[in-house]
2 protein chains.
Amino acid sequence: MTRRNDPIEALIELMARLPGLGPRSARRAVLYLIRKRAQLLQPLADAMQEVARSARECLNCGNVGTTEICEICEDTRRANGLLCVVEDVADLWAMERSGVFKGRYHVLGGTLSALEGVGPDDLRIPGLIHRLETEEITEVILALNATIDGQTTAHYIADQIGARVALSSLAQGVPIGGELDYLDDGTISAALNARKRF
Amino acid sequence: MTRRNDPIEALIELMARLPGLGPRSARRAVLYLIRKRAQLLQPLADAMQEVARSARECLNCGNVGTTEICEICEDTRRANGLLCVVEDVADLWAMERSGVFKGRYHVLGGTLSALEGVGPDDLRIPGLIHRLETEEITEVILALNATIDGQTTAHYIADQIGARVALSSLAQGVPIGGELDYLDDGTISAALNARKRF
Ligand SMILES: [Zn+2]
Ligand SMILES: [Zn+2]
């Protein structure tokens, strides 16, 4: 048993705030960390300190990394004219794991939502328009989740972009209500290869 | 996408080694931490550092805390003659949450297991015998999990203790194959109150 001002109790309470961990799994995790102090707890403390110090959002695309402009935006080999628009960084990572997309990304940072009061300026939609005006982009692939908000956002972006560039969206393989980050890599590959004109 | 030597990737790999978190939930957790850098990531890094520095096992009972002898062992109000033997600290915490036990604990650190080559000296069984010889203990409550290894361990301890003190075990309410840490507090209370002579 630990007191409220005990560092172990404090750690459990912080761990329980992580997505996917409740109080019980937080307690288990902390006991495990204490047992693996040298192998895991200390390296984890150091890694968190380092990420807290260095992590930042790419000023261009919204990806997270440790530089002002991320590696993908810096990589000239990826300037192939394709721009893949995703809701969040987890989706970008899921696309990268599929290994099939060789262009660049734009991370919206969410979806439009009347219910939650999220408008275009709360997302990176102005930044997207700016990139279309300044970068050499030939096709925008809307890789948004197959949710109502995701599809509303896709239609809004399609309206804004108009006939400026070719526009496509992931097609085959994305289940209704499905989220990209839950899909296996093969499904993402299939959806990307079978993308249809918007 | 992040490189292998990226601090964000390093943090994801460490987080994925926590019990209950796989690669996917580790990625989600790290993105969440980056978004909540000031409110969660930095405090968590500090709390881990502090626990890595200060956590230790009680030399008497095996509970974890930040002192050589834990609060429960130090608390003279808990020297009521009852000693509750549990497998691990998570079980001790579960007993404490039930709020019904007012004595002290002895944490074995596991169970005997022929399969995994765990013998009495790998557990805190010698320490338990020593406590029975030196502390004023009138009853030992074996609160081990209702698993084969747990019950084997209970029988072994019962043999070792012999007629030295009264011996009981949690009875009503612990389901077959169940583990204490999964039970609700009421079930633990009922099992403790209905404990039967071993
Ligand atoms: Zn970028
Ligand atoms: Zn103790």
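Shown above is the structure to which this text applies.
Residues numbered from 1 in each chain as written. Chains lettered and ligands numbered in written order. Predicted model: local features only at pLDDT ≥ 70, side-chain atom pairs only at ≥ 80, totals over all residues. Heavy atoms only, no water.

Draft legend 1. Spotlight on the overall build of chain A. Of regular secondary structure, chain A possesses 8 helices and 7 strands. With 198 residues in all, chain A has 52% of them scored as buried. Restricting to contacts in chain A with at least 6 residues of sequence separation, those with at least 24 account for 55%. Looking at chain A as shown, the accessible area adds up to about 9,100 Å², and 51% of this sits on carbon and sulfur atoms. (Helix = DSSP H or I, 4+ residues; strand = E, 2+ residues; numbered from the N terminus. Buried < 20%, exposed > 50% of the residue type's maximum accessible area, 1.4 Å probe, protein only. Contact = heavy atoms within 4.5 Å. Areas by Shrake-Rupley, 256 points an atom, 1.4 Å probe, with all protein chains shown as cover.)

Draft legend 2. Spatial organisation of helix α6 (residues 125–134) of chain A. Residues and elements named next belong to chain A. Inspection of α6 places Ile125, Leu128, Ile129, Arg131 and Leu132 among the buried residues, and these make up the whole buried set. Along the axis of α6, the buried residues cluster in a sector spanning 160°; they form a single face. Along α6, exposed side chains directed more than 90 degrees from the buried face belong to Glu133 and Thr134. (Arc of directions from axis to C-beta.)

Draft legend 3. Region of the structure containing the pairing of strand β4 (residues 104–107) of chain A. Residue and element names in this part refer to chain A. Residues Arg104 and His106 line one face of β4 and the alternating positions Tyr105 and Val107 line the opposite face, and both faces are buried. Note: strand β3 (residues 82–86) against β4, 4 bridges, orientation parallel. The residue bridging Leu83 from the neighbouring strand is Arg104, located in β4. Each parallel crossover has a hand, and for β3 linked through helix α5 (residues 89–98) to β4 it is right-handed. (Pairing = 2+ DSSP bridges. Right-handed = clockwise from strand over helix to strand, strands pointing away.)

Draft legend 4. Structural context of the side chain of Arg131 of chain A. Structurally, Arg131 of chain A can be placed in helix α6. Among the residues examined, Arg131 of chain A registers a relative accessible area of 2% and is labelled buried.

Draft legend 5. Structural detail: the coordination of the zinc ion (ligand 1). Residue and element names in this part refer to chain A. Surrounding the zinc ion (ligand 1) are the protein donor atoms Cys58 (SG), Cys61 (SG), Cys70 (SG) and Cys73 (SG), which sit 2.3 to 2.4 Å from the metal. Relative to the metal, the 4 donor atoms surrounding the zinc ion (ligand 1) lie at angles of 104 to 116°, and the coordination shape comes out tetrahedral. Here the donor residues of the zinc ion (ligand 1) are spaced in sequence according to C-x2-C-x8-C-x2-C. On the accessibility criterion, Cys61 (2% relative accessible area) is buried. (Donors = N, O, S within 2.8 Å, 3.2 Å for Na, K, Ca; no water. Tetrahedral: all angles 85-135°; square planar, octahedral: opposite > 155°, others 65-115°.)

Draft legend 6. Focus on the relation of the copies chain B and chain A. Superposition of chain B onto chain A requires a rotation of 180° combined with a translation of 0.0 Å along the rotation axis, giving an RMSD of 0.0 Å. As the rotation angle and translation indicate, the two copies are arranged about a two-fold axis. Taking C-alpha positions as the reference, the residue of chain B nearest the rotation axis is Ala45 of chain B, at 2.4 Å. The overlap is high: 100% of the interface residues of chain B also sit at the interface in chain A, so the same surface is used on both sides. (Least-squares fit on C-alpha atoms with pLDDT ≥ 70 in both.)

Draft legend 7. Spotlight on the coordination of the zinc ion (ligand 2). All names here are of chain B. Surrounding the zinc ion (ligand 2) are the protein donor atoms Cys58 (SG), Cys61 (SG), Cys70 (SG) and Cys73 (SG), which sit 2.3 to 2.4 Å from the metal. Mapping the donors of the zinc ion (ligand 2) onto the primary sequence yields the spacing C-x2-C-x8-C-x2-C. Each member of the pair, Cys58 together with Cys61, is buried.

Draft legend 8. Structural context of the interface of chain B and chain A. Every contact between the two is made by 55 residues of chain B and, on the other side, 55 residues of chain A. Interface of chain B and chain A: buried area, both sides summed, is about 5,500 Å²; carbon and sulfur atoms make up 66% of it. Here chain B is connected to chain A by 0 salt bridges. Put simply, chain B and chain A have 8 residue pairs in polar contact (both at pLDDT 80 or more) between them. Counting only elements with at least two residues in the side of chain B that touches chain A, the list comes to α1 (7–15), α2 (23–35), α3 (37–54), β2 (64–65), α4 (71–74) and α5 (89–98) of chain B. At 17 residues, the largest contribution of residues to the side of chain B that touches chain A is made by α3 of chain B. (Buried area = accessible area lost by both parts, 1.4 Å probe. Salt bridge = Lys/Arg side-chain N within 4 Å of Asp/Glu carboxyl O. Polar contact = N/O pair within 3.5 Å; in protein donor to acceptor, adjacent residues only side chain to side chain.)

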